[in-house]
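Chain residues, written in single-letter form:
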Amino acid sequence: MGMTTVSGTQNAGHAGSEGVNQNTTRPARLDLRGASGGGLFEYAPAPESVRPDIADSYGLFIDGAFVEPENGARFASINPATEDTISMVAQASVSDVDRAVRAAREALPTWAGLSGKDRGKYLYRIARRMQERARELAVLETLDGGKPIKESRDIDVPLACAHFFYHAGWADKLKFALPGREPRPVGVCGQIIPWNFPLLMLAWKIAPALACGNTVVLKPAETTSLTALRFAEICAEIGLPKGVVNIVTGAGETGKAIVEHSDINKIAFTGSTQVGKMIAKSVAATDKKLTLELGGKSANIIFEDASLDQAIEGIIEGIYFNQGHVCCAGSRLFVQESILDTVIDKLNDRMGSLRVGDPMDKNTDVGAINSKEQLATIKKYLALGDEEGAVRHDACGSALPEKGYWCKPCFYSGVQPSHTIAREEIFGPVLAVMSFRTPDEAISRANNSPYGLAAGVWTDKGSKIFDVARRLDAGVVWLNTYNKFDPTSPFGGYKESGFGREGGRHGLMAYCQ
Amino acid sequence: MSERLPIIKTYKLAIGGKFPRTESGRSTSIHDASQNLVAHVCRASRKDVRDAVDASHKAQPGWANATAFLRSQVLYRLAEMMEGKRDELANAIGENGQREVDASIDRVVHYAGWCDKYAQVMGGSNPVAGPYHDFTVPFPVGVVGVIAPDDAPLLGLVSLIAPVIAMGNACVTLASETNPVPALVLAEAIAPSDLPGGIVNTLSGFREELVEHFSTHREIDAIHAAGVSDEHRTLLRTGSADNLKRVHVHGEVDFFDEEACESSAWIDPFVEFKTIWHPSAV
């Protein structure tokens, strides 16, 4: 394998760089890569200045009001960039979940009985209010989860708002959504969401459920509860009928209480494949409807006739977006053999200019790892990658802050298909680079995975790109682009990446019967 | 003149376009309502399920890649073949056989027409907020395990198979346990039709023995079942959780009810919607 630079050779001199926003001491590199190359420009820190009001502690949002958890238990929500406690969040017990389900059940007939237009108007109100409070939500998301402010500001929050706008308009048009069918609400929906896109995943779950006339009990992930609680405030603020949305915070036990509750009609879960399978077993003997959006090990395939610079940007975006905490992250890169060396050079180059550090800085590309546990998981995989003989490249120019949970973005070359880092979902900024010779080989290797969430293809040949897209086992295929999302565009996986789609007309099917 | 002594036929399994006996060497006897012996059938084993899954996997990509127009014609051809075997099928069903055969043929005709329309009705173009061409198209899920009901042994089976194969899936079917003969006669109608061998594989046997193997086989991608007990329904779902099969088990169904049984909704569980993005600006 002909890589030209490996770990450490490019950034050997960066030890003098101190702190996140002070890359001023980083030495210029010896090669001449033009003005866009990393390290040639210096940036002044540009921290986001809005500070949202955060309470010292939060209750559970049940039946339209914040209430104390039954046993008074709370846990800390940590800022992963500083390890500071931001707030104390309630730990919902089995009986708290039961209270929430009863509220949702009680609210159901009235909510389902509202005219579609009125349900839609409530959703429009939510969307508008979220837009008006967008900056506050973005800052909160970044503080609580560690993602770069430019992502929460420009992607997470606007997309979450857009999801409510889009679904608001469906509420009175459901009979047109699925031709020849008369959609009815499913009932009370239990929804469990992950920590990688907290507010956006909440929107993906709550907006279609409400549009279709269901009521919900939603549990945010334990490390990222704050935007869901802020969303609860918005629901109360805009006068959403009580009980329609209930937010119960907590960890796995709270989720289990939702899954096992006998008066829930539908479970929607986004998270790991392992937990998804447990949920599928747990509801097997019941009539609960189930949709699962699970893990991935998505392939990004780059052909020799691709527009290379565009492809490199797409690959970088595909794996390092949101620190790689993305279920559809393009974590396996298949490069056509003839351009392997060039691609590795260009990746090394591009990574040199990635800015890792303070998530609240508007110039930051890669923020903090969401939690200590996740950092440990990623480190375990890095150790395995090294151990199994792949070559690590982490030519990132930024020094990592001392406090907080940080991981240098990296990629591995010399990866064999049998390596753990080529097979298992890492959920971190780690890319496995492999090569192929023919389109058939690329497709069969890309499909050789229990997962089937997303894929990317890069080539300027039209017929080839659509043929490859057709043959890839993936629910979302990005051609000459990657990681694009839109409320009108269905998202979801093949095989062990789960079942059901979220977004678009197809997403409604999960919330109607 | 003495009455002719009839030949009692042993119906074999249908796997990959061939008619093998069960590898287990077991068979059972089928009696009519008056307890007369009418036929012998194979009692399929786990190995037969695996062989049928292999055959399905070999055949499925070619069927999926056939044009929708061609699949539509092939399904219509199957209806023609069934029409030619109306009497044999009706006799195998017994009471009210003719009515059930007619409804079964019409059901195949209904789903034949869906092959080249489903993608238009259920797929679509997504107006994303950016310069992208974004569209959603259905693809077959792959290999589907079909567990047929005892009630309406032909119509129930056909109603489960037709929506599955219309979109390019292959299936491994377990025939009605109480009367598998109509399913096995259907297999003989399928063999000389234009449907490629291995797209519909038919097994006869006991649910108690085989349902578990359907649910846990990792190369089966989905399950379509009707008329199974609550325990078998739970077993199908539990076993399926290991590779996250898409499981669709019907409750009470009146298979003669066209309104209820003829809908794109019957196809939905056996497709994967794939959404494809491409920039449309330079």
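Parameters at a glance
- Residues numbered from 1 in each chain as written.
- Chains lettered and ligands numbered in written order.
- Predicted model: local features only at pLDDT ≥ 70, side-chain atom pairs only at ≥ 80, totals over all residues.
- Heavy atoms only, no water.
- Phe/Tyr/Trp six-rings, centres within 6.5 Å; stacked < 30°, edge-to-face > 60°.
- Helix = DSSP H or I, 4+ residues; strand = E, 2+ residues; numbered from the N terminus.
- Buried < 20%, exposed > 50% of the residue type's maximum accessible area, 1.4 Å probe, protein only.
- Lys NZ or Arg CZ within 6 Å of the ring centre and 35° of its normal.
- Contact = heavy atoms within 4.5 Å.
- Buried area = accessible area lost by both parts, 1.4 Å probe.
- Salt bridge = Lys/Arg side-chain N within 4 Å of Asp/Glu carboxyl O.
- Polar contact = N/O pair within 3.5 Å; in protein donor to acceptor, adjacent residues only side chain to side chain.
- Pairing = 2+ DSSP bridges.
- Axes fitted to C-alpha atoms, helices over the stretch in contact; angles between N-to-C directions.

A. How the structure looks around the packing of aromatic side chains. Throughout the structure, instances matching the rule amount to 16 aromatic pairs over all chains. Between F466(A) and F135(B), the aromatic rings sit 6.3 Å apart at their centres with planes inclined by 35 degrees, giving tilted as the arrangement. Residue F466(A) is located in helix α15 (residues 462–471), and its partner F135(B) is located in strand β5 (residues 132–140); the two belong to separate chains. Residue classification places F466(A) among the partly exposed residues on the basis of a relative accessible area of 37%. F135(B) gets classed as buried once you look at its relative accessible area, which sits at 18%. Among the aromatic residues, those joined into a ring-pair cluster are W204(A), W478(A), Y482(A), F485(A) and F491(A). The ring of Y511(A) is capped by K266(A), whose NZ or CZ atom sits 4.9 Å from the centre of that ring. Looking at K380(A), its charged tip hangs above the ring of Y381(A), at a distance of 4.6 Å from the centre.

B. Representation of the interface of chain A and chain B within the structure. Each side of the interface is counted separately: chain A has 44 residues, and chain B has 36 residues. The contact between chain A and chain B buries some 3,200 Å² in all, and 55% of this surface belongs to carbon and sulfur atoms. There are five salt bridges connecting chain A and chain B. In this structure, the salt-bridge partner of R501(A) is E272(B), at a minimum N-O distance of 2.8 Å. Remark: the boundary between chain A and chain B carries 30 residue pairs in polar contact (both at pLDDT 80 or more). Those elements that place two or more of their residues in the side of chain A that touches chain B are α9 (273–282), α15, β17 (476–479), β18 (494–495), β19 (498–499) and α16 (504–508) of chain A. No other element matches α15(A), which puts five residues into the side of chain A that touches chain B.

C. Region of interest: the sheet that holds strand β10 (residues 299–302) of chain A. One open sheet accounts for 10 strands, arranged β12(A)-β13(A)-β14(A)-β11(A)-β10(A)-β16(A)-β17(A)-β11(B)-β5(B)-β4(B); its pairing is mixed. The two strands at the open ends of the sheet, each matched to only one other strand, are β12 (391–393) of chain A together with β4 (124–125) of chain B. The pairing of β4(B) with β5(B) spans two bridges and is antiparallel. Note that in β5(B) the partner of S125(B) across the bridge is F135(B). Strands in contact with helix α11 (residues 340–352) of chain A are β10, β11 (332–336), β12, β13 (410–413) and β14 (430–436) of chain A; relative to β13(A), the strand with the most contacts, it is inclined by about 160 degrees.

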